[in-house]
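Okay, here's what each chain looks like letter by letter:
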Amino acid sequence: MRHSDCNLRIIFSLSFFIVMLGSCSHETKKGSAYDEFYQLDNPRDAKIEDVFSDVELIPLENEGNFYPAGVEKLDIIDGYYKITDNKQFMLLFKKDGKFVSSSEEKFGAGPEEFSTPMGYSFNPHSKLVEVFTPAKIMFYDTVFNYVKECPLPTLPGKKSQFYSYSYDLSDHRHILVPSPSSDSPNSLILYDSSDASDTPLYSYDEDVVINTTFPPKCFHELEGGRILFTPPALANTVYELDRKNLTFKKTIGFCFGDKEMSAKDIEPYKDNRDKLMKYMLTNKRLVPMRVLPSDNKLVIIHKTGNSIDRMKTVVVDRKTGESRQLAMYKDRKNVFPLIEAIDNEYAYAIAEKETLEVFPELLLNKTAGDALSGIEDESLVILRYKLK
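These numbers were taken from a predicted model, which means no experiment stands behind them.

## Side note on the overall build of the protein chain
Logical step 1: Along the backbone of the protein chain there are six helices and 30 strands.
Logical step 2: For the protein chain, the spread of C-alpha atoms along the three principal axes comes to 55 × 50 × 45 Å.
Logical step 3: Considering only residue pairs separated by 6 or more positions, the protein chain has 54% of its internal contacts joining residues 24 or more positions apart.
Logical step 4: Element-wise, carbon and sulfur atoms account for 46% of the exposed surface of the protein chain, whose accessible area totals about 16600 Å².
Logical step 5: Looking at charge distribution, the protein chain has the averaged site of its 49 positive side-chain charges lying 5 Å from that of its 59 negative ones.

Written as structure tokens, this is what we have:
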């Protein structure tokens, strides 16, 4: 994939995202409903060196048989980089970039195989990969040896519920997040894979303006045991999970003011999917696309229209309330990375070697020739940025 193809991946993954209209008619959220609320009408403009002090490059090993065909999602969990590529295969790499496995090994219609993956999770309790299909979860070890499978609470042809993501409470208790194409996309369930039982858990339907594509991660574990949930929807809300009582509350809210898309904007198109899709691809309203919280930061990626020059990242300091906004592109040059994940020390992105050669701004003050020396051509590179 050339660097221009990488740009297209970002454009389409962040712009061609509408699945269905949410039921919410709410407008701007009120700050009193949250523990923290950030009004982001005018964040301060910043540059990459204002938020990152250094970057480490981790090339992903190409072992010959399997390699990501582009990158749709990147997550970091339990010592692995978990990548979903553009062909909807999941690949595991160790933290040093060494290849572990690919779900492509089990793609097919035979026993212990799957052909329609809806999503993937990695369970840190059981150390198993969970593959979601329309009707069941299939469990594999980290090199895709089959372990077991369990039926999902789906009723195709009646009320269809499909699942793409799990937050694992134990080796058999899971909070399932529905796919946006489900009949009830904003309702979490508690699922027990030991007996295939399910219990309704929480609905965030009242906060949703519209559903979006799935982010790399919905649940975020912070220090002190706090667990935050960012839904796959335009909701401008971060929820906190009480793990003991399995209850949710709104904890962080944000708003971009009058320039942000609201329920009123899409009301005229809600009964016509084609017109809604066209509107979403041509309108000039600001749409938050990805929300990534840590103990110290809140990262929000948003777009306005379909020009890559109008994609921006806002970084909020949760301790001071200061917000900075960074253009991801300037004069069609990639000057800030697409952040996939964050923790308290680092932000993570991924790019091809050629992209880094063409856009050395992503390397901070490093010289491309020196930083990329020894990395094979056409390699994907994890960028681990040190947060200031």
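## Describing the side chain of Thr 142
Logical step 1: Within the secondary structure layout, Thr 142 lies in the loop between β10 (136-140) and β11 (146-151).
Logical step 2: Judged by its relative accessible area of 18%, Thr 142 is buried.
Logical step 3: When neighbours within four sequence positions are excluded, Thr 142 is seen to be in contact with Tyr 80, Leu 92, Val 100, Ser 101, Phe 122, Lys 127 and Val 129.

## Let's talk about the pattern of salt bridges
Logical step 1: Tallied over the full model, the rule gives 18 salt bridges.
Logical step 2: Across the pair Glu 340 and Arg 290 runs a salt bridge whose closest N-O atoms are separated by 3.3 Å. Linking Glu 340 in the loop between β27 (333-334) and β28 (341-342) with Arg 290 in strand β22 (residues 286-293), this pair joins segments that are 50 residues apart in sequence. The pair formed by Glu 340 and Arg 290 is uniform in burial state, with each residue classed as buried.
Logical step 3: Where salt bridges share partners, they join Arg 44, Glu 322 and Arg 324 into one cluster.

## Overview of a negative patch on the surface
Logical step 1: On the surface, Glu 61, Glu 63, Asp 96, Glu 104, Glu 105 and Glu 376 cluster together into a negatively charged patch.
Logical step 2: Take Glu 104: it is sitting in the loop between β7 (99-102) and β8 (119-123).

## As for the pairing of β10
Logical step 1: The buried fraction of β10 is high, at four of five residues.
Logical step 2: Relative to β10, strand β9 (residues 128-132) is paired through four bridges, and the arrangement is antiparallel. Within β10, the position partnered with Phe 132 by the bridge is Ile 137.
Logical step 3: Taking the residues between adjacent antiparallel strands as the criterion, β9 and β10 are bridged by three residues.
Logical step 4: Of the strand pairs in this sheet, β10 and β11 are connected by five bridges, and their pairing is antiparallel. Of the residues in β11, the one forming a bridge with Tyr 140 is Tyr 146.
Logical step 5: In this antiparallel pair of consecutive strands, β10 and β11, the connection spans five residues, and Phe 144 shows a positive phi of 65°.

## Here's the deal with the sheet that holds strand β21 (residues 247-255)
Logical step 1: What the five strands build is an open sheet, ordered β1-β21-β20-β18-β17; its pairing is mixed. Only two strands of the sheet have a single neighbouring strand rather than two, namely β1 (36-39) and β17 (219-221). The average angle at which neighbouring strand axes cross in this sheet is 25°, direction not considered.
Logical step 2: Where β1 lies against β21, four bridges are found, and the strand directions are parallel. Bridge pairing links Phe 37 to Gly 253 in β21.

## Considerations on the environment of Leu 281
Logical step 1: Positionally, Leu 281 belongs in helix α4 (residues 273-282).
Logical step 2: When the C-alpha atoms of Leu 281 and Leu 338 are compared, they prove to be 20 Å apart, with 57 residues separating the residues in sequence.

## So, the packing of aromatic side chains
Logical step 1: Applying the stated rule across the entire model yields 26 aromatic pairs.
Logical step 2: Here Phe 107 and Phe 114 contribute two aromatic rings whose centre-to-centre distance is 6.3 Å and whose plane-to-plane angle is 80°, an arrangement assigned as edge-to-face.
Logical step 3: An aromatic cluster of three or more residues is present, and its members are Tyr 165, Tyr 167, Tyr 202, Tyr 204, Phe 219, Phe 229, Tyr 239 and Phe 248.
Logical step 4: A cation sits over an aromatic face here: Lys 148 above Phe 139, 4.9 Å from the ring centre.
Logical step 5: Over the face of the ring belonging to Tyr 346 we find Arg 384, whose NZ or CZ atom lies 3.9 Å from the ring centre.

## Examining α4
Logical step 1: Those residues of α4 that fall on the buried side of the exposure criterion are Leu 276, Met 277, Tyr 279 and Met 280. What you see down the axis of α4 is that its buried residues fit within an arc of 165°, all on one side. Exposed side chains of α4 directed beyond 90 degrees from the buried face belong to Asp 274, Lys 275 and Lys 278.
Logical step 2: On its buried face, α4 sits against β16 (210-211), α3 (263-266) and β23 (297-304).
Logical step 3: Structurally, the start of α4 carries an N-cap: the backbone nitrogen of Asp 274 is 3.2 Å from a side-chain oxygen of Asn 272.

## Some remarks on the sheet that holds strand β12 (residues 163-168)
Logical step 1: Ordered in space as β12-β13-β14-β15, the four strands form an open sheet in which the pairing is antiparallel. Every interior strand has two partners, whereas the edge strands, β12 and β15 (197-203), have only one. Along the sheet, successive strands turn relative to each other by an average axial angle of 30°, direction set aside.

Rules and cut-offs
- Residues numbered from 1 in each chain as written.
- Predicted model: local features only at pLDDT ≥ 70, side-chain atom pairs only at ≥ 80, totals over all residues.
- Heavy atoms only, no water.
- Helix = DSSP H or I, 4+ residues; strand = E, 2+ residues; numbered from the N terminus.
- Contact = heavy atoms within 4.5 Å.
- Areas by Shrake-Rupley, 256 points an atom, 1.4 Å probe, with all protein chains shown as cover.
- Lys, Arg positive; Asp, Glu negative; His and termini not counted.
- Charge placed at Lys NZ, Arg CZ, Asp CG, Glu CD.
- Buried < 20%, exposed > 50% of the residue type's maximum accessible area, 1.4 Å probe, protein only.
- Salt bridge = Lys/Arg side-chain N within 4 Å of Asp/Glu carboxyl O.
- Patch = residues over 30% accessible without salt bridge, like charges linked within 9 Å, V, L, I, M, F, W, Y side chains within 5 Å.
- Pairing = 2+ DSSP bridges.
- Axes fitted to C-alpha atoms, helices over the stretch in contact; angles between N-to-C directions.
- Phe/Tyr/Trp six-rings, centres within 6.5 Å; stacked < 30°, edge-to-face > 60°.
- Lys NZ or Arg CZ within 6 Å of the ring centre and 35° of its normal.
- Arc of directions from axis to C-beta.
- Polar contact = N/O pair within 3.5 Å; in protein donor to acceptor, adjacent residues only side chain to side chain.

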